[in-house]
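Examining the three-dimensional arrangement
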Amino acid sequence: MPGPMDTAPPPPVTTRGRRMRRRPVVPRAEGSATVFTVLRRMRAPLITLIVIFFVSVLGLSLIPGTDPQGQPVRLSLFDAFYVMSYTATTIGFGEIPFAFSYGQRMWLTATIYLTVVGWAYAIGSLLSLVQDRAFRQALALRHVSRKVTRLREPFLLVAGYGQAGETLGASLDALGRRFTVVDVSETRIDALEIAALRADVPGIVGDARDPHVLGVAGLGHPWCEGVLALTGDDEANLAVTMAAALLRPELPVVSRTTSPTVAERMSGFGSPTVVNPFDRFGDHLRLALRTPASYQLMTWLESGPGAELPPRGQAPAPGRWVVCGYGRFGRHFAADLRAEGLEVTVVDPVDVEADVVGDASDPDVIRRTDLADAVGLVAATDNDTTNLSLVAEARRTNPGLFVAARQNQPADAALFAAMNVDALLVPTEVVAHDAYARLSTPLLWRFLRELPHQDDDWSAALVERLRDACGTHLEALWKVRLTAGEAPALHGRLAAGRFRLADLMRDPADRDETLLAVPLLVLRGQEALLAPDGDLVLGPDDEILFAGRPGVHRAVETTLFVEGVADYLVTGNRVPSSWVWRKLSRSAPAA
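Residues numbered from 1 in each chain as written. Predicted model: local features only at pLDDT ≥ 70, side-chain atom pairs only at ≥ 80, totals over all residues. Heavy atoms only, no water.

Notes on the overall build of the protein
Cut-off, in case you're wondering: Helical segments are the DSSP runs of H or I of at least four residues, strand segments are the runs of E of at least two, and each set is numbered from the N terminus. Our radius of gyration is a C-alpha quantity, and the globule rule it is checked against amounts to 2.2 Å times the number of residues to the power 0.38. Accessible area is worked out with a 1.4 Å probe on protein chains only. A residue is then buried under 20% of its type maximum, exposed over 50%, and partly exposed in between. By definition, residues are in contact when any of their heavy atoms lie within 4.5 Å. Here, Shrake-Rupley sampling with a 1.4 Å probe gives the accessible areas, and only protein chains in the shown set may cover a residue. In this charge count, Lys and Arg are treated as positive and Asp and Glu as negative; neither His nor the chain ends contribute. The atom standing in for a charge is NZ when the residue is Lys, CZ when it is Arg, CG when it is Asp and CD when it is Glu.
Secondary structure summary: the protein contains 24 helices and 22 strands in total. Compactness check: the protein gives a C-alpha radius of gyration of 35 Å against a globular reference of 25 Å for 591 residues, more than 25% above the reference. Out of the 591 residues belonging to the protein, those deemed buried represent 46%. Counted over contacts in the protein with a minimum sequence separation of 6, partners at least 24 positions apart contribute 66%. When the accessible surface of the protein is totalled, it reaches about 30300 Å², and 56% of it is carbon and sulfur. Between the averaged position of the 59 positive side-chain charges in the protein and that of its 67 negative side-chain charges there is a distance of 9 Å.

Re the packing of aromatic side chains
Threshold: When two rings of Phe, Tyr or Trp (its six-membered ring) have centres within 6.5 Å they constitute a pair, described as stacked for plane angles under 30 degrees, edge-to-face for angles over 60, and tilted for the intermediate range. Here, over-ring charges are defined by two tests on the NZ atom of lysine or the CZ atom of arginine: distance to the ring centre within 6 Å, and angle to the ring normal within 35 degrees.
Tallying each qualifying case throughout the model produces 10 aromatic pairs. Judged by centre distance (5.2 Å) and plane angle (50°), the rings of Y86 and F93 are tilted. Between W478 and F546 the ring centres are 4.8 Å apart and the planes differ by 25°, which places this aromatic pair in the stacked class. In this pair, W478 sits in strand β17 (residues 477–481) while F546 sits in strand β22 (residues 543–548), placing the two residues 68 residues apart along the sequence. On the accessibility criterion, W478 (7% relative accessible area) is buried. Take F546: its relative accessible area is 0%, and that puts it in the buried class. An aromatic cluster is built from F278, F281, W321, F329, F333 and F402, whose rings are joined through pairwise contacts. One cation-aromatic arrangement involves R105 over Y102; the distance from NZ or CZ to the ring centre is 5.8 Å.

Re the sheet that holds strand β21 (residues 527–530)
Defined as follows: A pair of strands is treated as paired once DSSP finds two or more bridges between them. Lines fitted to the C-alpha atoms define the axes, with helices restricted to the stretch that makes contact. Angles between their N-to-C directions range from 0 to 180 degrees.
Taken together, four strands build an open sheet; the order of strands is β17-β22-β20-β21 and the sheet is antiparallel. A single partner strand is all that each edge strand has here, and the edge strands are β17 and β21. The sheet shows a mean angle of 20° between the axes of neighbouring strands, direction not considered. In the sheet, strand β20 (residues 517–524) pairs with β21 via four bridges, with the strands oriented antiparallel.

Thoughts on the pattern of salt bridges
Note the following rule: By definition, a salt bridge exists where a carboxyl oxygen of Asp or Glu is found within 4 Å of a side-chain nitrogen of Lys or Arg.
In this structure the tally under the stated criterion is 29 salt bridges. Note that R395 is salt-bridged to D422, the shortest N-O span being 3.7 Å. Note that R395 is positioned in helix α15 (residues 384–397) and D422 in the loop between α16 (413–419) and β16 (423–425), a separation of 27 residues in sequence. Exposure remark for R395: the relative accessible area of 24% places this residue in the partly exposed category. A salt bridge links R467 to E464, with the nearest nitrogen and oxygen atoms 3.5 Å apart. With R467 and E464 both in helix α19 (residues 456–470) and three residues apart, the pair spans about one turn of that helix. Several salt bridges share partner residues, and in doing so they unite R280, D283, E302, D434 and R438 into one network.

Description of the environment of G551
Here G551 lies in helix α22 (residues 550–561). For G551, a relative accessible area of 37% gives the class partly exposed. With 35 residues separating them along the chain, G551 and L516 place their C-alpha atoms 9.5 Å apart.

Remarks on helix α9 (residues 234–247)
Which entries qualify depends on this criterion: What a helix is expected to span follows from its residue count: subtract one and scale by 1.5 Å.
Between its terminal C-alpha atoms α9 stretches 20 Å, which fits the 20 Å expected from 14 residues at 1.5 Å a residue. Those residues of α9 that sit buried are D234, A236, N237, L238, A239, V240, T241, A243, A244, A245 and L247. Turning to α9, the residues buried within the fold contact β5 (155–159), α8 (211–216), β8 (224–229), β9 (253–256), α10 (260–267) and α13 (328–339).

Observations concerning the packing of helix α11 (residues 277–290) against helix α12 (residues 292–302)
Our working rule: Note that the term roughly parallel is reserved for angles under 35 degrees, roughly antiparallel for angles over 145, roughly perpendicular for angles of 65 to 115, and oblique for everything else. Each residue receives one of three labels: charged for Asp, Glu, Lys and Arg, nonpolar for Ala, Val, Leu, Ile, Met, Phe, Trp, Tyr, Cys and Pro, and polar for the others, Gly being one of them.
Where α11 contacts α12, the two axes come as close as 5 Å, and the packing angle between them is 140°. One element, α11, and the other, α12, form an angle in the oblique class. Between α11 and α12, the contacting residues are R280, H284, L287, A288 and R290 on the first element and P292, S294, Y295, M298 and E302 on the second. Here the contact of α11 with α12 is composed, by residue class, of five nonpolar, two polar and three charged.

Looking at unusual backbone geometry
With an omega of -5°, the peptide bond between I96 and P97 qualifies as cis. By the element assignment, P97 lies in the loop between α3 (77–88) and α4 (102–130). At D370, a residue that is not glycine, the phi angle is positive and equals roughly 55°. Relative to the elements of secondary structure, D370 occurs in the loop between α14 (363–367) and β14 (376–379).

A closer look at the confidence of the model for the protein
Quick reminder of the rule: For every residue, the pLDDT score states the predictor's confidence, bounded by 0 at the bottom and 100 at the top.
On average, the protein scores 85 in pLDDT, and the residues at 70 or more come to 91%. Per-element averaging of pLDDT across the protein places strand β1 (residues 14–15) at the bottom with 42 and β5 at the top with 95.

Focus: the sheet that holds β16
The pairing of strands in a sheet comes from backbone hydrogen bonds and takes either a parallel or an antiparallel form. If you trace the six strands from one edge of the open sheet to the other, you get β13-β12-β11-β14-β15-β16, paired in parallel fashion. Each having just a single partner strand, β13 (356–357) and β16 make up the two edges of the open sheet. For strand β12 (residues 343–348) and β13, the ladder comprises two bridges, and the chain directions are parallel. When the sheet's bridge partners are listed, D348 is paired in β13 with V357. Each of β11 (320–324), β14 and β15 (402–406) touches α15; the most contacted strand, β15, lies at about 175° to it.

Comments concerning the packing of α9 against α10
For the pair α9 and α10, the least separation of the axes is 10 Å and the interaxial angle reads 10°. On the basis of the axis angle, α9 is roughly parallel to α10. Residue-level contacts link D234, E235, N237, L238 and T241 of α9 to V262, R265 and M266 of α10. Residues belonging to the contact of α9 with α10 are distributed by class as follows: three nonpolar, two polar and three charged.

Laid out in structure tokens, this is it:
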């Protein structure tokens, strides 16, 4: 049966020589695919049962019997149908309306065995159908399609549920954000079903390059608010980016790739956000070399709710770096180091541009790099065993060396953790953290963009404030918009310029107590104010990014929505919150 993508599209409608653009049609799941599969596979068994039943009823109605007076009588078609129904289903009420003749009993005996054969054939075919891969896939497709169709809140479509998708999904679920998943691996979708997530996540096994599969996962759903292409295949991510740009051009797209060529091809379809983990890690490490506290703060905020405060490293002294492996990551990293004005020695077994040509795992080759005189080593090969041996050799030769390493396989995480490297690149985690920073709230991404412009002492002080408010595990970030709809109780004071950030940080129950929350950013139009002090006068339409516990969030919402709380926080005078009590207080005589 032809699907929705098999038929040729109609020609575009033209009006007076102008081409009219048709609205893209997003492929959807075939709602009757499961029914058609059952009917197609069970057609022969069902026809066999129907024929056996028809012949049995017709024969029983034609064979004569006798009534109690000995007169010949035949069963009506209804009586014959009734008798065959309870006989074929093994219920067996008896011989009605009269005792059967020997001819009727012989016919009924033959039809009983014939019906057993028919039922065995039908049940065997049904069991075979249940075990059929195509039927199970159609059934799962139907189930996921129903779950996606019933979504009535914004959700994200995640293509690829590897380590990056799983990490990002856990962070989104902690924020209460819904998402759907497409992955080619059945094992990953099964893991999604048993994952400890708060919400029920629809997951479909299929190739993300197929627009039909994306349609089933919700690409055409009106509540879909974004697409994330996080598979480990650059071509698959490119296909997802193309499908989203052509079928839903209004949706934001975040795509992962390590190839500059593929990134350029992605940019030809709309304006997707392309995340290259090699580029991002290079930017992160450059920040770690200049301001370690800023790198610590950025890593903590990007890791999502519940993340533990990472340790703060020490920036190495200026000097020569050794980069082992001149592939995509090695080239990016060497360029970043040279941009900082540092000397770089490159080791690669085949690249003639390398300073030392040879296998980095060979001790003789490493000795030629003079690690004892270097200040940093980058183990950037695509082999985890080689990278671990390089780190071990570097620690043995120069214990004070700053070591950065690339982890390629998730299974080797424990080994790299035991080596205690100063900077570890896990491409999937970099992609997940970057996507989380962009999607959790635009204010967080704006904060991280402005963070590299701050000095190390400023970042260290902000880390201490966050530790006092959240402890060593980061609490959820939340934003406040001071609009008439989202902060009605403050609208008058904001318009008059009589409400400070310090007033918003007071406890509504006791204005002398300060809430344990940290304002990370205040966005006023296009101006971003990072970690402002309490004397900042708030204005209408300001947006504030907070970090703090859920109880603090509820206290701030009380100030935003409950009338009279703002007056108490500013003046110390309690004002009745209800209209009746305000009227009574005004009419009461003054003391």
